[in-house]
Amino acid sequence: QVQLVESGGGLVQPGGSLRLSCAASGSIFSINSMGWYRRAPGKSRLLVALLDSEGLTNYAGSVKGRFTISRDNAKNTVYLQMNSLKPEDTAIYYCKMVVLTPIQPAPYEYWGQGTQVTVSS
């Protein structure tokens, strides 16, 4: 069993910064890709940033240049540094990891519980 625990959300003023963290625990053999998604009120969950095992990144156009995804493999943790935040960044942010465990024949997607980010003055 693998669990993802997120932290770092909260209320911030426009132009401010937040850093989200997502740590995986459990029986982990390897982690392939790590990513962040968000669901704004009344909208579908969308990709924010993706980081694969080779270090390649992919960002949503709306966050390019403002958000940075990174990972600490030793801690099985992915981060999302969010700068120059805008009210339209308000959403629940979810992390996702594609994890291979010793007992599964193929990698499997695991999701965090979500953390609220509110950008408002």
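Attention here is on the structure that accompanies the text. (Residues numbered from 1 in each chain as written. Predicted model: local features only at pLDDT ≥ 70, side-chain atom pairs only at ≥ 80, totals over all residues. Heavy atoms only, no water.)

**Points about the sheet that holds strand β8 (residues 77-82)**
As a general point, the strands of a sheet are linked pairwise by backbone hydrogen bonds and lie either parallel or antiparallel.
Here comes step 1: Spatial strand order, β1-β3-β8-β7: four strands in an open sheet with antiparallel pairing. Edge positions in the open sheet fall to β1 (2-7) and β7 (67-72), since each of these has one partner strand only. Averaged over all adjacent pairs, the angle separating strand axes in this sheet is 15°, with direction ignored. (Pairing = 2+ DSSP bridges. Helix = DSSP H or I, 4+ residues; strand = E, 2+ residues; numbered from the N terminus. Axes fitted to C-alpha atoms, helices over the stretch in contact; angles between N-to-C directions.)

**Regarding the pattern of salt bridges**
Here comes step 1: Enumeration over the complete set of coordinates arrives at three salt bridges.
Here comes step 2: A salt bridge links R66 to D89, with the nearest nitrogen and oxygen atoms 2.8 Å apart. Residue R66 is located in the loop between β6 (57-59) and β7, and its partner D89 is located in the loop between β8 and β9 (91-100); the two are separated by 23 residues in the primary sequence.
Here comes step 3: In this structure, the salt-bridge partner of E109 is K96, at a minimum N-O distance of 3.3 Å. (Salt bridge = Lys/Arg side-chain N within 4 Å of Asp/Glu carboxyl O.)

**Here's the deal with the pairing of strand β4 (residues 30-39)**
Here comes step 1: Within β4, seven of the ten residues are buried, which leaves it mostly tucked inside the rest of the structure.
Here comes step 2: Sheet topology places β4 next to β9; eight bridges connect them, and they run antiparallel. For W36, the partnering residue across the bridge sits in β9 and is C95.
Here comes step 3: Inspection of the sheet shows β4 paired to strand β5 (residues 45-51) by six bridges, in the antiparallel sense. What sits directly across from G35, in β5, is L50.
Here comes step 4: Between β4 and β5, which follow one another and run antiparallel, lie five residues, and G42 among them has a positive phi close to 75°. (Buried < 20%, exposed > 50% of the residue type's maximum accessible area, 1.4 Å probe, protein only.)

**Some remarks on the pairing of β5**
Here comes step 1: Pairing between β5 and β6: three bridges, direction antiparallel. The residue bridging A49 from the neighbouring strand is Y59, located in β6.

**Details of the side chain of S33**
Here comes step 1: Tracing the backbone through its elements, the reader meets S33 in strand β4.
Here comes step 2: Leaving out residues up to four positions away in the same chain, S33 has contacts with L50, L51, D52, K96, M97 and V98. (Contact = heavy atoms within 4.5 Å.)

**Focus: unusual backbone geometry**
Here comes step 1: The backbone of N76 shows a phi angle near 50°, a positive value even though the residue is not glycine.
Here comes step 2: Within the element layout of this structure, N76 appears in the loop between β7 and β8.
Here comes step 3: Residues other than glycine seldom take positive phi values, yet S84 does so here, at roughly 50°.

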